[in-house]
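Here's the letter readout for the chains.
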Amino acid sequence: MKYIFGPVHSRRLGRSLGIDLFSKKLCNLNCIYCEAGANAALVNKRGLATPTREIIAEINTFCSDVARLDSIDVFTVTAKGEPTLHLGLGEILLHLKKITSKPLAILTNSTTLTQASVRDELMPADIVIPSLDAARQESFSAVNRPASSLDLDAIIDGLTRFSQQFPQQIWLEILLVRGLNDSPEDMEALQAAIAPMRIDRIQLNTVLRPPPEATALPLSHDRLRAIAASMEKATGLPVDYPEPSGTGHASGSPTSARHQFRHSSPDALREEIVNMVQRRPCSAADLERVFQLGGPEQVEQLLEPLVKTRILHRSVHAGTRYYQASSIPLERPSSTSKPDR
Ligand code: SF4
């Protein structure tokens, strides 16, 4: 499948089938932590980079397999980039609601919520997961590196309007990068921006996987926990944050979805794995949770030929070894991440 991937397991969403609207990265931000790699160029105009009918055809194929459909908990619309830049988004969401009763989640970087038409298109969703990493221009520029036409105040205003209009769940994601958007001033500004919004929970995150930029450093678990506690107190909202590496799973990370790959041929299995790591760097343990191959060592053995032939890269980030597709450039060596040959 070209657009559908997974299911992956997220702590909050359960077994989530991903629908990736773009075949290559297309975004109006160039976040320093982006798991989809660096942007070729920033794009801030909605368009039809991939044909809506092809995406809908894949959704129909998936949904015609009752056993596979039964094995998932939720559809999650995402993209290598910003999904709301796809002009067919509204049609795709309406189609999903028409052909399945499964809940529908969508991720967005919030930038296009300035447009009433985008806010309206998101209405069929059951869960919207918008992100807002900073409410101070300096931090927004440093972490998200936006297209020049984007205005932070307008984005916050659009997100606030959307939150007051959308009747279902909104989980706001905030990704913190050490030294760039985690100061007390940043937290105060974020809390002030969030105050008029109607949101259901906040998901704090940090740089958990190999980033494209060496300057994208993670916060320690203790720091995240302290910020979560103070944000919970200030906003009165539940605030989640990822467990330390090895004891849990950040939102959206692949975990224990047992599924059809168990019976795939080695080649088909490798193809599915490449398909998965093209979307985000994965550790052997991540892949084992999804593909159930008998342990991370078996995953490493299976992937060794792909590393040797340079279809995949391996790198170490914060003490964990990750696999990345070769189309995503390796990060430069840093104090927390380095190539692993
Ligand atoms: S908004 Fe998402 S896809 Fe776009 S650059 Fe940031 S992390 Fe990457």
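Residues numbered from 1 in each chain as written. Predicted model: local features only at pLDDT ≥ 70, side-chain atom pairs only at ≥ 80, totals over all residues.

What follows deals with the overall build of the protein. The secondary structure content of the protein amounts to 11 helices and 12 strands. A buried classification covers 45% of the 341 residues belonging to the protein. Residue pairs in contact within the protein that sit at least 24 positions apart in sequence constitute 69% of those at least 6 positions apart. (Helix = DSSP H or I, 4+ residues; strand = E, 2+ residues; numbered from the N terminus. Buried ≥ 20, exposed ≤ 12 C-beta atoms within 10 Å, placed from the backbone. Contact = placed C-beta atoms within 7 Å.)

What follows is about the nonpolar core. Judged by nonpolar contacts, the single largest core of 68 residues is most densely connected at Tyr33, Ile106, Leu172, Ile174, Val177 and Leu204. Once you skip the residues sitting within four places of it in the chain, Val177 turns out to touch Ile32, Tyr33, Val143, Asp182, Val207, Ala216 and Leu217. Counting residues in hydrophobic clusters, the runner-up holds 15 residues, among them Phe5, Val8, Cys282 and Phe291. (Core = buried A, V, L, I, M, F, W, Y, C linked by C-beta atoms within 7 Å.)

What follows covers the pairing of strand β5 (residues 127-130). Along a regular strand, successive side chains alternate from one face of the sheet to the other. Two strands pair when backbone bridges link them, and strand β4 (residues 104-108) and β5 are joined in this way by four bridges, in the parallel orientation. Opposite Leu107, over in β5, you have Ile129 as the bridge partner. (Pairing = 2+ DSSP bridges.)

Okay, the environment of Leu122 next. Here Leu122 is to be found in the loop between α4 (116-121) and β5. Take Leu122: there are 24 C-beta atoms within 10 Å of it, and that puts it in the buried class. Considered as a pair, Leu122 and Leu94 are 28 residues apart in the sequence and their alpha carbons are 9.3 Å apart. Non-local contacts of Leu122, meaning those with residues more than four positions away in its chain, are made with Ile106, Val128 and Phe166.

Turning next to helix α6 (residues 152-165). Helix length check: α6 (14 residues) gives 20 Å between terminal C-alpha atoms against 20 Å at 1.5 Å per residue, within 8%. Within α6 the residues assigned to the buried category are Ile155, Ile156, Gly158, Leu159, Phe162 and Ser163. Within α6, the buried residues cover an arc of 160° as seen down the axis, which keeps them to one side. Opposite the packed face of α6, turned more than 90 degrees from it, sit the exposed residues Asp153, Ala154 and Gln164. (Expected span 1.5 Å × (residues − 1). Arc of directions from axis to C-beta.)

This part is about the environment of Asn44. Summarising the element assignment, Asn44 is placed in the loop between β2 (14-20) and α1 (52-63). A residue is classified by how many C-beta atoms lie within 10 Å of it, and Asn44, with 16 of them, is partly exposed. Asn44 has contacts with Asn28, Ala147, Ser149 and Leu150, leaving out every residue within four places of it along the chain.

We now examine the environment of Ala116. For Ala116, the position within the fold is in helix α4. Accessibility expressed as a C-beta count within 10 Å gives 12 for Ala116, which makes it exposed.

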